[in-house]
Amino acid sequence: MCTSIIYDSNGQHYFGRNLDLEISFGEHPVITPRNYVFKYRKLPNRKATYAMIGMAIVKDNYPLYFDAANEKGLGIAGLNFDGPCHYFPESAEKENVTPFELIPYLLSQYASVDEVKDALENVNLVDINFSKKLQLSPLHWLIADKTGKSIVVESTVSGLHVYDNPVHVLTNNPEFPGQLTNLANYANISPAQPKNTVVPDADINLYSRGLGTHHLPGGMDSASRFVKVAFVRAHAPEGKDEASSITNYFHILHSVEQPKGTDEVGPNSYEYTIYSDGTNLETGTFYYTNYENNQINAIKLSNENLDSDKLIDYELLEKQHINYQN
Ligand SMILES: C[C@H](CCC(=O)NCCS(=O)(=O)O)[C@H]1CC[C@H]2[C@@H]3[C@H](O)C[C@@H]4C[C@H](O)CC[C@]4(C)[C@H]3C[C@H](O)[C@]12C
């Protein structure tokens, strides 16, 4: 499963995700500069226009992004949506974009969620695989921008749905309206200690701090993670500077991370949080941690030549650096 959020702090907006899976594809940070030419399956080739940075694998010189953000402060993450997800045959009336092209298609041309909403009215998510080996995966997307707005995009048998997202998080199933409805079941969860209303005239000892969160779900499943991350994000304090903001951001994502051994998906096989990442949408600084190395690593989009036409790959830094003090 996966979790994606946008978090506001100190006038900045941070967008990214946890990638939870049982195996890594070898994903790593990749920058696509402005003059890189995207070759689309059903559309004319186009230059990128806006540079982007995110986690991807590169196949045949094509960046297959898992999540990314562009230099204008627009970000997108693809999360598993197995079951409800449905892609369509080619349409004569719409722009036919394959799901693996959606992140580059939107980030290379648009600067805001409002622009994306308009563009999506004309998009058909067409059922074309990247290759025989890399077939389409069932995904839905969280899209956010530096104004703090976010939307969820889901393609199901009833068509392409674009939902405004008032809670600014996304996990996996069920469909987004179902996740929002489910929040009502947890409406009284609070960081504050509860009042004893169960037997009002009995003197009940509130034996622990944090009893307002006693019924907060803690499971690895997508419905539990949705509630937990929505709660943690909504109550997270703002940082006072960049370091404290990005530290808070990772605390939110790590509150729903999956430690190895807790989510079995097959014999001896466990899903776990392979990496967590986040981009400051104002500055284009991309941060990440991963399972092996939970130090925060950063790459600045603006430190590269963004007028180039060649992809820029970075090694994923997976070695833990323990700070021995004696
Ligand atoms: C599975 C990943 C989402 C994480 C997630 O939600 N996992 C939960 C799995 S489960 O519900 O618990 O079974 C998604 C996110 C991005 C996806 C990748 C990106 O879309 C890029 C390419 C796209 C190609 O079409 C397929 C391979 C692929 C490399 C994708 C493989 C896989 O579907 C990824 C890695």
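Since this is a predicted model, take the numbers as computed values, not measurements. (Residues numbered from 1 in each chain as written. Predicted model: local features only at pLDDT ≥ 70, side-chain atom pairs only at ≥ 80, totals over all residues. Heavy atoms only, no water.)

Below, the discussion takes up the layout of surface pockets. Estimates place the volume of the largest pocket at around 680 Å³. F25, F66, Q135, S137 and L139 are the residues nearest the centre of the largest pocket, which is lined by 28 residues in total. Looking at the lining of the largest pocket, the elements that each hand over two or more residues are strand 2 (12-21), strand 7 (62-70), strand 8 (74-80) and strand 11 (139-145). Take the lining of the largest pocket: its biggest share by element is 4 residues, from strand 2. When the residues that make up the lining of the largest pocket are grouped by side-chain class, the tally is 20 nonpolar, 4 polar and 4 charged. Around the second largest pocket, the lining comprises 15 residues; the ones closest to its centre are P194, K195, L211, H214 and H215. (1 Å grid on protein atoms, 1.4 Å probe; cavity = no way out; pocket = protein on both sides within 12 Å on 5 of 7 lines; lining within 4 Å. Points joined across faces, edges and corners; volume = space filled by probe spheres on them. Helix = DSSP H or I, 4+ residues; strand = E, 2+ residues; numbered from the N terminus. Nonpolar A, V, L, I, M, F, W, Y, C, P; charged D, E, K, R; others polar.)

We now examine the packing of helix 3 (residues 176-183) against helix 4 (residues 222-235). Contact geometry for helix 3 and helix 4: axes closest at 10 Å, N-to-C directions at 60 degrees. When the axes of helix 3 and helix 4 are compared, the pair comes out oblique. Judged by the sense of rotation from one axis to the other, the crossing of helix 3 with helix 4 is right-handed. Within the contact between the two elements, helix 3 uses F176, Q179, L180, N182 and L183 and helix 4 uses S222, A223, F226, V227 and A230. Looking at the contact of helix 3 with helix 4 residue by residue, the classes come out as 7 nonpolar, 3 polar and no charged. (Axes fitted to C-alpha atoms, helices over the stretch in contact; angles between N-to-C directions. Parallel < 35°, antiparallel > 145°, perpendicular 65-115°, else oblique. Left-handed = near helix turned anticlockwise from the far one by under 90°. Contact = heavy atoms within 4.5 Å.)

It is worth spelling out helix 4 at this point. With 14 residues, helix 4 extends 20 Å between its outermost C-alpha atoms, agreeing within 8% with the 20 Å of an ideal straight helix rising 1.5 Å per residue. The set of residues buried in helix 4 consists of S222, S224, R225, F226, V227, V229, A230, F231 and R233. In the core, the buried residues of helix 4 are packed alongside strand 1 (2-9), strand 2, strand 14 (169-170), helix 3 and helix 5 (242-254). (Expected span 1.5 Å × (residues − 1). Buried < 20%, exposed > 50% of the residue type's maximum accessible area, 1.4 Å probe, protein only.)

Before going further, it helps to spend a moment on the pattern of salt bridges. As a working rule, side chains carrying opposite charge can pair if their charged atoms are close by. Taken as a whole, this structure holds 9 salt bridges when the rule is applied. Across the pair E90 and K42 runs a salt bridge whose closest N-O atoms are separated by 3.4 Å. Here E90, found in the loop between strand 8 and strand 9 (95-97), pairs with K42, found in the loop between strand 4 (37-38) and strand 5 (46-47); they are 48 residues apart in sequence, far enough to count as distant. Residue classification places K42 among the partly exposed positions, given a relative accessible area of 39%. With a closest N to O distance of 2.7 Å, D164 and K117 form a salt bridge. Of this pair, D164 sits in strand 13 (residues 159-164) while K117 sits in helix 2 (residues 113-120), and the two are 47 residues apart along the sequence. By sharing partners, the salt bridges in this structure join R34, E71 and D307 into a single network. (Salt bridge = Lys/Arg side-chain N within 4 Å of Asp/Glu carboxyl O.)

Below, the discussion takes up the side chain of D277. You can see D277 is positioned in strand 17 (residues 272-280). Buried and without a salt bridge, D277 has R17 as its closest oppositely charged side chain, separated by 5.8 Å. Those residues in contact with D277 that sit more than four places away from it in its chain are F15, G16, R17, M55, D67, Y249, F250, L253, F286, Y287 and Y288. (Lys, Arg positive; Asp, Glu negative; His and termini not counted.)

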